[in-house]
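This is what each chain is made of:
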Amino acid sequence: MQSKVTTSSLIKMKQDKQKITALTAYDFPFASMLDSQGIDMVLVGDSLGMVVQGKENTLPVTMDEAVYHTSMVSRACSRAMVVGDMPFMSYQGALDRAVENGGRFLKEAGAAAVKLEGGADVCPVIEALAKAGIPVQAHIGLTPQSVHQMGGFKVQRDEERLLQDGKDVQNAGAFSVVLEGIPSPIAAKITEELVIPTIGIGAGPDCDGQILVLHDMLGINDRFLPKFVKKYADLAALAKQGVSEYVEEVRKGSFPSADYEYK
Ligand code: KIV
């Protein structure tokens, strides 16, 4: 078995200019497939709310749901680093509650780290979590939990603020930062100026690594896909074809045939 991906191996990958591969997953079977293909990081994103639970945005996801899904993913990953995504309002209030919630991902769900959204505003939370021994991945740029404040899912272009956010979360103790919905030249500049690895989603090719939402890149759902998503497979079409054949065969009585019955 290859050795487990850690916060220090990710920093070494950045230094060695080796791209970091990351995807989201929410359950055991998909997480096993990702781990078997050598993915470096599996994020149990709060995108769970949209791609698994069928909700409009990520805001309704609860701590119990996030812990439940993260535990399934952790059981499947022998090499990949598992990161649990802290749900909306699980870290925005009192610091001790944020630490308690962050701790649940490591203690109950077997994750190696947590992710949370925000820049300078969440630095006290990052500091408190890091002090408690909980590795934190920051997430700046387009932060979906602030969808109402941003007035929609919009590309973020304030270079000075984004650069400062990146430096602030690094100084607060984050081991890595997700850059979402940021023009490529700005993401490249942040990546160059930070010591910690940047993981891009809709942030161009120069980030230290890339992440996509699994259900988007495998074509599992039919919802609108942002420009930055490349569809690597069309699993929905395959699944629908299988189900349609089954329905047809059961209706006409050709399944189960002799091969599938006990004598
Ligand atoms: O929730 C999620 O899946 C994420 C990724 C898009 C980075 O935050």
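Conventions used here
Residues numbered from 1 in each chain as written. Predicted model: local features only at pLDDT ≥ 70, side-chain atom pairs only at ≥ 80, totals over all residues. Heavy atoms only, no water. Phe/Tyr/Trp six-rings, centres within 6.5 Å; stacked < 30°, edge-to-face > 60°. Buried < 20%, exposed > 50% of the residue type's maximum accessible area, 1.4 Å probe, protein only. Near = heavy atom within 4 Å. Polar contact = N/O pair within 3.5 Å; in protein donor to acceptor, adjacent residues only side chain to side chain. Areas by Shrake-Rupley, 256 points an atom, 1.4 Å probe, with all protein chains shown as cover. 1 Å grid on protein atoms, 1.4 Å probe; cavity = no way out; pocket = protein on both sides within 12 Å on 5 of 7 lines; lining within 4 Å. Sits in = over half its atoms within 2 Å of the grid points. Nonpolar A, V, L, I, M, F, W, Y, C, P; charged D, E, K, R; others polar. Domains from an automatic or database assignment. Helix = DSSP H or I, 4+ residues; strand = E, 2+ residues; numbered from the N terminus. Contact = heavy atoms within 4.5 Å. Pairing = 2+ DSSP bridges. Axes fitted to C-alpha atoms, helices over the stretch in contact; angles between N-to-C directions. Points joined across faces, edges and corners; volume = space filled by probe spheres on them.

As a further point, take the packing of aromatic side chains. Evaluated as defined, the whole model comprises two aromatic pairs. Between Phe 255 and Tyr 260 the ring centres are 5.6 Å apart and the planes differ by 50°, which places this aromatic pair in the tilted class. Taking relative accessible area as the criterion, Phe 255 reaches 32% and is therefore assigned partly exposed. A relative accessible area of 58% means that Tyr 260 is categorised as exposed. In textbook terms, an aromatic cluster arises when at least three aromatic residues are bridged by ring pairs, as seen for Tyr 246, Phe 255 and Tyr 260.

For the rest of this paragraph, the subject is the site of the ligand. In the vicinity of the ligand, the contacting residues are Thr 24, Leu 43, Gly 45, Asp 46, Ser 47, Asp 85, Lys 115, His 139, Ile 201 and Val 213. Here an oxygen atom of the ligand sits 3.0 Å away from a polar atom, N or O, in the side chain of Asp 46. When the ligand sits alone it has 260 Å² of accessible area, and the protein chains cover 95% of it. Here the ligand occupies the largest pocket. Along the lines of polarity and charge, the residues of the shell around the ligand split into three nonpolar, four polar and three charged.

Take the domain arrangement of the protein chain next. According to the domain assignment, the protein chain contains domain 1 (7-232) and domain 2 (235-263). Between domain 1 and domain 2, the C-alpha centre-to-centre distance is 39 Å.

Here Gly 38 lies in the loop between α2 (28-36) and β2 (41-44). Once the C-alpha coordinates of Gly 38 and Ala 80 are considered, the two residues, 42 residues apart in sequence, prove to be 7.4 Å apart. Once you skip the residues sitting within four places of it in the chain, Gly 38 turns out to touch Thr 21 and Arg 79.

Strand order in the closed barrel formed by eight strands is β1-β2-β3-β4-β5-β6-β7-β8, with parallel pairing between adjacent strands. Averaged over neighbouring strand pairs, the angle between their axes works out to 25° when direction is ignored. Relative to the sheet, helix α8 (residues 159-172) contacts β5 (136-141) and β6 (176-180), its axis offset from that of β5 by approximately 170°.

In this model, Phe 255 is joined to Pro 256 through a cis peptide bond whose omega is 0°. Within the secondary structure, Pro 256 sits in the segment after α11 (235-252). Non-glycine residue Lys 17 carries a positive phi angle of around 55°. You can see Lys 17 is positioned in the loop between α1 (7-15) and β1 (20-24). Phi is positive for Met 89, close to 70°, though the residue is something other than glycine. Residue classification places Met 89 among the partly exposed positions, given a relative accessible area of 42%.

Our focus in this paragraph is the environment of Glu 117. One can find Glu 117 in strand β4 (residues 113-117). Classification of Glu 117 as buried rests on a relative accessible area of 5%. Taking the C-alpha atoms as reference points, Glu 117 and Leu 142, separated by 25 residues in sequence, lie 9.1 Å from one another. Residues in contact with Glu 117, not counting those within four places in the same chain, are Asp 46, Tyr 91, Val 122, His 139, Thr 143, Pro 144, Gln 145 and Ser 146. In this structure the side chain of Glu 117 is engaged in a polar contact, spanning 2.8 Å, whose partner is the backbone nitrogen of Gln 145.

With that settled, the discussion passes to the environment of Lys 263. Mapped onto the elements, Lys 263 comes out in the segment after α11. Overall, Lys 263 belongs to the exposed group, its relative accessible area being 84%. A polar atom in the side chain of Lys 263 sits 3.4 Å from the side chain of Glu 261.

On to the side chain of His 215. Looking at the secondary structure, you find His 215 in helix α10 (residues 214-217). In contact with His 215, not counting residues within four places along its chain, are Tyr 26, Val 51, Val 52, Ile 220 and Asn 221.

Moving on to the layout of surface pockets. Taken as a whole, the largest pocket holds about 1,100 Å³ of empty space. Residue lining of the largest pocket: 50 residues in total, with Ile 201, Gly 202, Leu 212, Phe 228 and Val 229 positioned closest to the centre. Ranked by residues supplied to the lining of the largest pocket, first place goes to β1 with five residues. Of the residues in the lining of the largest pocket, the class split is 26 nonpolar, 13 polar and 11 charged. In this structure, the second largest pocket encloses a volume near 360 Å³. Surrounding the second largest pocket, 20 residues form its lining, Gly 118, Asp 121, Thr 143, Ser 146 and Gln 149 being those nearest its centre. Examining the composition of the lining of the second largest pocket, we find that three residues originate from one element, β5, more than from any other. The class makeup of the residues in the lining of the second largest pocket is six nonpolar, 10 polar and four charged.

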